[in-house]
Amino acid sequence: PTTATPTDSCPADFDEASGACRWTSTLAGSNIGSSSHSVMMKIDWTSAAYSGTRQWLLNLGQKTTGANHWLWNGGSSIQFGKWNGQQIGSYDISSCNYLATTYDSSSSEYVLYCDGVEVAQRTISGGLNIQNDNVRIGDKALSESDFSGCVERVLIYQEALTPQGVLCAMAQINSPTQSPTETPTETPTTATPTETPTETPTNAPTDACPADFDEATGPCRWTSTLAGGV
C-alpha cells in the first residue's frame, strides 16, 4: 500500500480526555470485554526472521478463545483477530512500520491498517470476548515463538478509530509526550533570529529497543497486566 503520512494535528474529537488512552504497562478502568477498542503498534523489522513457528506480536486478554491476537506465520501468512474465531489470514505485514487494528463492537468489524492505510477487514461472528486484563506484547502465549523483530511502542484506545483517527495515532506514537489537541501559540517578537534551528525527525527508525522495553527476559518483548483493564 501507499504509506499514509501522519497528520500534524489531531481532530478535535480525538482526545485523551474523552476516552482515548496511551499506555506503557497499565490502564485504568474496566475489562475490555466485547467493547470497541483499537491497537496501534510501531515496529522495527530489522532483526525479524521467520523461525518456522508462529510468532506472537500481541495477545490481548486470556490465552484462549475470544482474545484479540496478532500472529505472524512468515511471509504474508498472518492470524489477526479472534482466537479460535474469524481472523484476517493474509497480508505481508513485514512491509509495515505501523500496524493497527480497530474493532467496532456495534458491527463486529475488525479492520487491519498498514502504515495508516486500510488493507483488510473481517466481520467477527459473536464479537471478541476478552475476559481478563492480561496483555502480551511480542511474547508468545503458547509454546511457539516470540516476535523476532522489535516492538518500539504500543498504543491502545477505548474506541474503534476512524481512518483519520488511525493517522492521528501514527502521529501520537511518534510524539508520545505531545498533547493531541493542543495548538501552540507564538508570541510576536521583533528580535532577528541569528540561526536556523535544525528539526530532528520524530519517526526515524531506531536500531535498538528503548530502554523501557528491555527486560531481564530479553529485549523487544514483555508481558504485563492491565491494572483494572480498559
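Heads up: the structure comes first, above all this text.
Residues numbered from 1 in each chain as written. Predicted model: local features only at pLDDT ≥ 70, side-chain atom pairs only at ≥ 80, totals over all residues. Heavy atoms only, no water.

A look at the state of the cysteines
- Scanning the model with the defined rule gives 1 disulfide in all.
- Covalent S-S linkage joins Cys 96 and Cys 114, the inter-sulfur distance amounting to 2.2 Å. Since a negative S-S torsion denotes a left-handed disulfide, the Cys 96-Cys 114 link at about -110° is left-handed. Of this pair, Cys 96 sits in the loop between strand 6 (87-90) and strand 7 (98-104) while Cys 114 sits in strand 8 (residues 109-114), placing them 18 residues apart in sequence. An identical accessibility class is assigned to Cys 96 and Cys 114; each is buried. (Disulfide = S-S within 2.5 Å. Helix = DSSP H or I, 4+ residues; strand = E, 2+ residues; numbered from the N terminus. Buried < 20%, exposed > 50% of the residue type's maximum accessible area, 1.4 Å probe, protein only.)

A word on the nonpolar core
- Residues Met 41, Trp 70, Phe 80 and Leu 99 are the most contacted members of the largest nonpolar core, which totals 31 residues.
- If you list the elements that add at least two residues to this core, you get strand 2 (37-44), strand 3 (55-60), strand 4 (68-72), strand 5 (77-82), strand 7, strand 8, strand 10 (134-137) and strand 12 (150-157).
- Of all hydrophobic cores here, the second largest spans 13 residues; its members include Val 111, Leu 155, Tyr 157 and Val 166. (Core = buried A, V, L, I, M, F, W, Y, C linked by side-chain atoms within 4.5 Å.)

Considering the environment of Lys 140
- Relative to the helices and strands, Lys 140 is located in the loop between strand 10 and strand 11 (145-146).
- Note: C-alpha distance between Lys 140 and Gln 55 (85 residues apart in sequence) is 6.8 Å.
- Here Lys 140 is in contact with Trp 56, Ser 145 and Asp 146, once residues within four sequence places are set aside. (Contact = heavy atoms within 4.5 Å.)

Topic: the pattern of salt bridges
- Taken as a whole and judged by the stated rule, the model has 3 salt bridges.
- Measuring nitrogen to oxygen at the nearest pair gives 3.8 Å for the salt bridge that ties Glu 152 to Lys 42. Residue Glu 152 is found in strand 12, and its partner Lys 42 is found in strand 2; the two are separated by 110 residues along the sequence. Of the two residues, Glu 152 and Lys 42, both sit in the buried class.
- In this structure, Arg 54 engages Glu 144 in a salt bridge whose closest nitrogen and oxygen atoms are separated by 2.8 Å. Here Glu 144 lies in the loop between strand 10 and strand 11 and Arg 54 lies in the loop between strand 2 and strand 3, a separation of 90 residues in the sequence.
- Among the residues examined, Arg 54 registers a relative accessible area of 21% and is labelled partly exposed.
- With relative accessibility at 24%, the residue Glu 144 sits in the partly exposed group. (Salt bridge = Lys/Arg side-chain N within 4 Å of Asp/Glu carboxyl O.)

Considering the pairing of strand 8
- By the criterion of burial, strand 8 is predominantly enclosed, with 5 of the 6 residues buried.
- As judged from the 6 bridges shared by strand 7 and strand 8, these two strands associate in the antiparallel manner. Bridge pairing links Asp 104 to Glu 109 in strand 8.
- Counting the residues in the hairpin turn of strand 7 and strand 8 gives 4 residues, including Ser 108, whose phi is positive at 60°.
- Between strand 8 and strand 9 (residues 117-123), which pair antiparallel and follow one another directly, the connecting turn spans 2 residues, one of which, Asp 115, has a positive phi of 50°. (Pairing = 2+ DSSP bridges.)

Looking at the pairing of strand 2
- Within strand 2, 8 of the 8 residues are buried, leaving the element largely enclosed by the surrounding structure.
- Going residue by residue along strand 2, you find His 37, Val 39, Met 41 and Ile 43 tucked away on one face and Ser 38, Met 40, Lys 42 and Asp 44 tucked away on the opposite face as well.
- Where strand 2 meets strand 7, 6 bridges bridge the pair, whose relative direction is antiparallel. Bridging from a neighbouring strand, Met 40 pairs with Ala 100 of strand 7.
- For strand 2 and strand 12, the ladder comprises 7 bridges, and the chain directions are antiparallel. Directly across from Met 40, in strand 12, lies its bridge partner Leu 155.

Some thoughts on unusual backbone geometry
- Although it is not a glycine, Asn 84 sits at a positive phi angle of roughly 60°.
- Tracing the backbone through its elements, the reader meets Asn 84 in the loop between strand 5 and strand 6.
- A relative accessible area of 58% means that Asn 84 is categorised as exposed.
- Although it is not a glycine, Asp 115 adopts a positive phi angle of roughly 50°.
- Considering the arrangement of structural elements, one finds Asp 115 in the loop between strand 8 and strand 9.
- Using a relative accessible area of 6% as the deciding quantity, one classes Asp 115 as buried.

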